[in-house]
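Commentary on secondary and tertiary structure
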Amino acid sequence: MKRLFGVVLLLLLAFSGCASEIDNPEPIETKSFASCITVTVSREHRDFGSFTAGPAGDADSAVKLVQAALERYPAGFTDQWGPVEILLVGDLTGTESFAGGRYAGFTQRLGDGWRMVLDADRLNAGTIHHEIAHILDGILTEAGALTETEWMAFCPSGFAYGPEQALCPDFFADAYAMTDIREDRARTFEEAMLWGPGVYADSPALWLKLEYLSRAIRTHFDTIGWPEKTDWELALE
Ligand SMILES: [Zn+2]
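An account of the accompanying structure is given in this report. (Residues numbered from 1 in each chain as written. Predicted model: local features only at pLDDT ≥ 70, side-chain atom pairs only at ≥ 80, totals over all residues.)

A few points about the packing of helix α2 (residues 125-142) against helix α4 (residues 181-195)
What counts is decided by this rule: Simply put, an axis is a line fit to the C-alpha atoms, just over the touching stretch for a helix, and the angle between two N-to-C directions goes from 0 to 180 degrees. A run of DSSP states H or I qualifies as a helix once it reaches four residues; a run of E qualifies as a strand once it reaches two. Both are numbered from the N-terminal end. Geometric relationships in this document are graded by angle, where less than 35 degrees denotes roughly parallel, more than 145 denotes roughly antiparallel, 65 to 115 denotes roughly perpendicular, and other angles denote oblique. Should the near helix be turned counterclockwise from the far one by less than a right angle, the crossing is left-handed, whereas a clockwise turn marks it as right-handed. Here contacts are defined at the residue level, using C-beta atoms placed from the backbone and a cut-off of 7 Å between them. Under this grouping Gly is polar, as are all residues other than the nonpolar Ala, Val, Leu, Ile, Met, Phe, Trp, Tyr, Cys and Pro and the charged Asp, Glu, Lys and Arg.
Interaxial distance between α2 and α4 falls to 8 Å at its minimum, and their mutual angle equals 130 degrees. Taken as axis vectors, α2 and α4 run oblique relative to one another. The two elements α2 and α4 meet at a crossing, and its hand is right-handed. Note on element contacts: α4 touches α2 through R182, R185, A186, R187, F189, E190, M193 and L194, opposite A125, G126, H129, H130, A133, H134 and D137. Here the contact of α2 with α4 is composed, by residue class, of six nonpolar, four polar and five charged.

Structure (structure tokens):
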């Protein structure tokens, strides 16, 4: 998820090559900018258990942000994530263990695919790449391509993830990255997508984290047709 410090309209539907389809009963408008990905603008209140959400407001700019973000991933890559349901909502708020907080987005397993819930009113490119990183993390971890032991080698000796720690900027993108290994991976990837070459030039540990993620992605996924350097790999230069 990404913490903020800060009637259904189906806009996009393209299922070619998906392992299975996400059932969505009320498609009103369909577009196609990435296979296996649906973008739905929620017009109702929803309860996700740990989060609640209201209807999205004007979501046109949010849809454009999602499209622009997805276009930065190699052709054929998104097909390999399984079906992804992107739900644009409003007033995304934490409950239960996340109570009291406003959130920009979260991602959860949905059958053999994923559901990504994004607050359309607070959306930015970083949040989308952050949530995509959670999907990649989930796939790679389930496949054994990422391990906690290997990752912890890039963290300070004796470090344990948890809240309210003094920031250790040589090893982590920010304090939020220090709360959970998955948030660390997502923030590391997100910064690479946002800032590109040189982003970790002065942070050897963060460079190694990104290199580890990049290598796992190349090893696990079918990379036929990919550019020599993907956008996240350009951040290693
Ligand atoms: Zn997150």
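Considerations on α2
The cut-off we apply is this: Every helix has an expected span of 1.5 Å times one less than the residues it contains. Comment: burial labels come from other C-beta atoms within 10 Å of the residue's own C-beta, placed from the backbone, where a count of 20 or more is buried, 12 or fewer is exposed, and between is partly exposed.
The end-to-end C-alpha separation of α2 is 26 Å, in line with the 26 Å expected for 18 residues at 1.5 Å each. Within the sequence span of α2, burial applies to T127, I128, H129, H130, E131, I132, A133, H134, L136 and D137.

Section: the environment of D119
With respect to the element layout, D119 can be found in strand β8 (residues 113-119). We classify D119 as buried; it has 25 C-beta atoms within 10 Å. C-alpha of D119 to C-alpha of A104: the two residues are 15 residues apart in sequence and 5.3 Å apart in space.

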